[in-house]
Amino acid sequence: MSASYLARRLLAMVYTLLVVSIIVFGVTQILPADAATVIMGENATPEQLAALRDRLGLNDLGVVQYLRWLSGVLTGEFGASMRTGQPVLPTILEALSRSLTLAALSIALMLVVALPLGILAATKRGGPVDVLFGLVSYVGVSLPEFVTATLVILLLADWLQLLPATGYVPLTDNLWVGLRHLALPVLTISIILIAHVSRMVRSEMVDALHSDYVRAARLKGLSENRVVYVHALRNALLPTITIVALDVGYVLGGIIVVEEIFAIPGLGRQLIVSIQARDLPMIQAGAVVLASTYAVMNLVADFGYALLDKRIQYG
Amino acid sequence: MAEVLRRLVRTPQGAIGLAIIALVLIAVLFGPWLAPRDPFAISPLQRYRPPGPVNFLGTDHLGRDLLSRVLHGASATVAMAIIATLAGTLAGSLIGTGSAYLGGRVDELMMRTVDAVMAIPSLLMSLLVVSMLGRSATNAVIAIAIAFTPGMARISRSVALAVRKQDYVSAAIARGEGAGFVILREMLPNALAPIIVEMTIRFAFSVMLFSTLSFLGLGAQPPTPEWGLMVSEARRFMHLSSWMILWPCISIALVAVGFNLLGDGLRDALNPRT
């Protein structure tokens, strides 16, 4: 990994964050042309609207408004919520920490299940296990989160009465009860992830098992386990890392719906509530934080990939 | 075209996918005629009926026939998702092919921008757009089209880049054809196959996204029998009558699985080499 690659990749990320901020600001503040109407409702008098526009600086050019907002964002000053009057940043960060807990647990569960599942399907390729695996993973990737969540609640909370259906208890308050409440949301997100990632692991493993170096390893007389888990798996895992990184973006999107359904006070639910209340500073901050998290994850994945795979020379 | 279809039916994914999607399209086009009852007719005495001989799939909390609602919902859900995907594909493929045609610095800048836009998850992007345009089915369609455009642009561009190097494109430019002619008549038709495969898979994703927006109350509005909206309405009663929530869930899953299978089958049929 050369210094120039590092610099270019970092520059690309700065550009990404810039474009994200322009889009978020553009969509929320300039497109409807009038944040004042949004705030005061449709029954406001023209005089009230004019006064508010003046106070919010909405009569300035869009570029001026954007730069004013951006300089606030860069110094961590996202403004105050229009709904609660609380400063936006602490609220967002607290919500983000809950969302990241949910995301991390889901990704951990996914890794524990998806890797063995994909390997199993690849080594038993064409057999009944593989066919069943293919069917289930197809359905898994084809269900939207709210359907998966509904089915999971119906089965585990309603019929079997194993877990609480909704609600949130901080893990620091009561670890056991907190985990029980997080179980269904984590399961929902990981089912979709497992379906996706294990399919990737399977197809990469199938390719690896048909490669020349695996044939060479077999011909050397190595045990089947050693061939599969040392020779094939190591090479099959590299492309999987990229998929997992891309899936982080999916998780951050999917979390919006899952948090809403299971009533978890994370960033996703915060966003939905803000959107319903038309709380502009909150929407803007939430969207920027979510998209930035994704951009940073992608950068980390790229660097990780470059460090792990010595064959790749980034110019 | 007939050759592609023959190869498509020969793969198991293609055959099953085609069969499912054919059924779904029948429901989309003729659902209103196939429905045994009025999907909006409220009958207080027939509420929460389980599936039976009169109401094959049961009735909901207002006594409306669920079979009729699911059939009417096909056009309210799938047709909307298809329109959104088509619009996003059109915009994306024009941007992508245009970017490949222009090449150089402009191409680089456009693709960096597309990458940047894709840092915003599709659901978040459509949420932002809908929240500002106002909640309605039409606005949800616009939002999904906008959310799909950068992804489609990236894929079209990667295909069009290879087409751009072909002799017939150079010949057209040498003849003095305008940019519009080269992009629309020479490059786009030859980049179409992978774009169609991606579009088919995105139909599945679009159905999921559209029903999610409706589920969140930001897409189709009551009393539309949109499937996502039906799930959200049925959630309150799911402890009492789970079939209410199962039918729209199954419908969404069926359509998404069908489009995914069809897309995979098409990919195999259009690339005989792999």
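Residues numbered from 1 in each chain as written. Chains lettered and ligands numbered in written order. Predicted model: local features only at pLDDT ≥ 70, side-chain atom pairs only at ≥ 80, totals over all residues.

> Talk me through the overall build of chain B; I want residue IDs and the actual numbers.
Along chain B, the regular secondary structure elements total 11 helices and zero strands. Across chain B, helices and strands are ordered from the amino to the carboxyl terminus as α-α-α-α-α-α-α-α-α-α-α. Its C-alpha atoms put chain B at 75 × 45 × 25 Å along the principal axes. Going through the 274 residues of chain B one by one, you find that 54% of them count as buried. Restricting the contact set of chain B to residue pairs at least 6 apart, pairs at least 24 apart contribute 71%. (Helix = DSSP H or I, 4+ residues; strand = E, 2+ residues; numbered from the N terminus. Buried ≥ 20, exposed ≤ 12 C-beta atoms within 10 Å, placed from the backbone. Contact = placed C-beta atoms within 7 Å.)

> Tell me what's going on with the overall build of chain A, and back it up with residues and numbers.
In terms of helices and strands, chain A carries 12 helices and zero strands. Its helices and strands in sequence order give chain A the pattern α-α-α-α-α-α-α-α-α-α-α-α, from N to C terminus. Dimensions of chain A along its principal axes, counting C-alpha atoms only, are 85 × 55 × 35 Å. A separation of at least 24 residues holds for 70% of the contacts in chain A among residues at least 6 apart in sequence.

> Give me the interface of chain A and chain B: which residues, what numbers.
At the junction of the two partners, chain A supplies 38 residues and chain B supplies 34 residues. When residues of the side of chain A that touches chain B are traced back to their parent elements, those giving at least two are α1 (3–30), α6 (128–142), α7 (145–159), α10 (224–262), α11 (267–277) and α12 (280–308) of chain A. Here the element with the most residues in the side of chain A that touches chain B is α1 of chain A; it accounts for nine residues. The class makeup of the residues in the side of chain A that touches chain B is 30 nonpolar, six polar and two charged. (Nonpolar A, V, L, I, M, F, W, Y, C, P; charged D, E, K, R; others polar.)

> Account for helix α9 (residues 192–215) of chain B, with residues named and values stated.
Residues and elements named next belong to chain B. Between its first and last C-alpha atoms α9 spans 33 Å; for 24 residues at 1.5 Å apiece the expected length is 34 Å, and the two agree. Of all bends in α9, the biggest is about 25°, found at Phe 203. Burial within α9 is extensive, with 19 of its 24 residues counted as buried. A positive backbone phi angle near 85° is found at Gly 217, which sits one or two residues after α9. (Expected span 1.5 Å × (residues − 1). Bend = angle between axes of the 7 residues up to and from the residue.)

> Can you tell me about unusual backbone geometry, naming the residues and giving the values?
The linkage connecting Pro 222 of chain B with the following residue, Pro 223 of chain B, adopts the cis geometry, with an omega of 5°. Within the fold, Pro 223 of chain B resides in the loop between α9 and α10 (227–234). Phi is positive for Ala 263 of chain A, close to 55°, though the residue is something other than glycine. Within the element layout of this structure, Ala 263 of chain A appears in the loop between α10 and α11.

> Requested: an account of the packing of α10 of chain A against α12 of chain A, with residues and values cited.
Residue and element names in this part refer to chain A. Following both chains from N to C, one finds α10 and α12 inclined at 175°, their axes separated by 9 Å at the closest point. Taken together, α10 and α12 sit at an angle that is classed as roughly antiparallel. Contact residues: Leu 238, Ile 241, Thr 242, Ala 245, Val 248, Gly 249 and Leu 252 in α10; Leu 290, Thr 293, Tyr 294, Met 297, Asn 298, Ala 301, Gly 304, Tyr 305 and Leu 308 in α12. (Axes fitted to C-alpha atoms, helices over the stretch in contact; angles between N-to-C directions. Parallel < 35°, antiparallel > 145°, perpendicular 65-115°, else oblique.)

> Tell me about the packing of helix α5 (residues 88–123) of chain A against α11 of chain A, and please be specific about residues and values.
Residue and element names in this part refer to chain A. Packing of α5 against α11 brings their axes to within 7 Å, and their N-to-C directions diverge by 130°. It follows that α5 is oblique to α11 by the angle criterion. Between α5 and α11, the residues in contact are Ile 92, Ala 95, Leu 96 and Ser 99 and Leu 267, Gly 268 and Gln 270, respectively.

> Describe the confidence of the model for chain B, with residues and values.
All names here are of chain B. In the predicted model, chain B carries a mean pLDDT of 86, and the fraction of residues at 70 or more is 98%. Per-residue pLDDT, averaged within each element of chain B, yields its smallest value for helix α1 (residues 2–10) (81) and its largest for helix α3 (residues 66–102) (91). Here the predicted complex carries an ipTM of 0.82, next to a pTM of 0.86. (pLDDT = per-residue confidence, 0-100.)

> So, the environment of Arg 278 of chain A: which residues are in play, and what are the values?
All names here are of chain A. Within the secondary structure, Arg 278 sits in the loop between α11 and α12. The class for Arg 278 is partly exposed, based on 19 C-beta atoms found within 10 Å. Through-space distance from the C-alpha of Arg 278 to that of Arg 83 is 8.5 Å; in sequence the pair is 195 residues apart.

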